[in-house]
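This is what each chain is made of:
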Amino acid sequence: TYTYSLQAPSSAGNYQFNGEYIFENGLVNNIQGDTNIEVKIGKTIFVDNQLTSDCTNGDYSIQFRTCSGNDGDAYNKLQDALNVAAPGWNILLREGFHDGNGVPGSSISKTVQSGLPGSPITINTYNGESAVITGYGGPKGRCIQVFHDYIVIRNIECTNVSSFGKGIECLSCNNFLVENVKIH
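To start, this report covers the structure provided alongside it. Being a predicted model, the structure only gives us computed values, none of them experimental. (Residues numbered from 1 in each chain as written. Predicted model: local features only at pLDDT ≥ 70, side-chain atom pairs only at ≥ 80, totals over all residues. Heavy atoms only, no water.)

1. Considering the overall build of the protein
Helix and strand counts for the protein stand at one helix and 17 strands. Residue pairs at least 24 apart in sequence account for 60% of intrachain contacts in the protein once pairs closer than 6 positions are excluded. With the model as given, the accessible surface of the protein reaches about 9,400 Å², and the carbon-plus-sulfur share is 47%. (Helix = DSSP H or I, 4+ residues; strand = E, 2+ residues; numbered from the N terminus. Contact = heavy atoms within 4.5 Å. Areas by Shrake-Rupley, 256 points an atom, 1.4 Å probe, with all protein chains shown as cover.)

2. Let's talk about empty space enclosed by the protein
Scanning all chains against the criterion turns up one cavity of 30 Å³ or more. Approximately 40 Å³ is the volume attributed to the largest cavity. (1 Å grid on protein atoms, 1.4 Å probe; cavity = no way out; pocket = protein on both sides within 12 Å on 5 of 7 lines; lining within 4 Å. Points joined across faces, edges and corners; volume = space filled by probe spheres on them.)

3. Concerning the nonpolar core
Counting 25 residues, the largest nonpolar core has Leu78, Ile91, Leu93, Ile123, Ile144 and Ile153 as the members making the most contacts within it. Of all the secondary-structure elements, those providing two or more residues to this core are β5 (44-47), α1 (78-84), β7 (90-93), β10 (121-125), β11 (131-134), β12 (142-146) and β13 (151-154). Core analysis: the second largest hydrophobic core is formed by eight residues, Cys55, Ile62, Ala74 and Leu92 among them. (Core = buried A, V, L, I, M, F, W, Y, C linked by side-chain atoms within 4.5 Å. Buried < 20%, exposed > 50% of the residue type's maximum accessible area, 1.4 Å probe, protein only.)

4. Comments concerning the state of the cysteines
For the coordinates displayed, the defined rule picks out three disulfides. Covalently, Cys55 is tied to Cys67 through a disulfide, its sulfur atoms 1.9 Å apart. Linking Cys55 and Cys67, the disulfide has an S-S dihedral of approximately -90° and is accordingly described as left-handed. Here Cys67 lies in the loop between β5 and β6 (74-75) and Cys55 lies in the loop between β5 and β6, a separation of 12 residues in the sequence. Judged by its relative accessible area of 1%, Cys55 falls in the buried class. Residue Cys67 is classed as partly exposed on the basis of its relative accessible area of 30%. (Disulfide = S-S within 2.5 Å.)

So far we have only geometry, and geometry alone does not tell us how the molecule works.
Below is the structure:
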């Protein structure tokens, strides 16, 4: 929980503050309890299979693909990024082959929470790079399972999907968007 002051937002993702509020889980709650204000955070986190450990102190370097910069947080596995993503966040996959959740024989990444209307959780590639998620090629071969609402998946490739598989599977999800995704 962080204490901030809030004024009217000046633009999406860029806020000026005054007066005491508590920020928690994508919502700003007035300490006096008289209102809730939805805030679209728009934080970007990265998934980079070249990392030997996660960069969770804002020290990811886009240029060097290491924990030696100040470009934000990055994770070695997509599942780790999905575990921390909140409404409005963007998960950007760096170029390379990504092994779902990193559990041998079960490379399926799974959403863990919903986005919100106007603030989906988005999975995309970084700057047009070629990101390939290697799925679990079993009889239900897929690479991502979506169990939540307001999820967007764009510009990725999903491989090792069986002929009976779904590639990306939506289970009990609404307001789910898939764009420019190759599945094979």
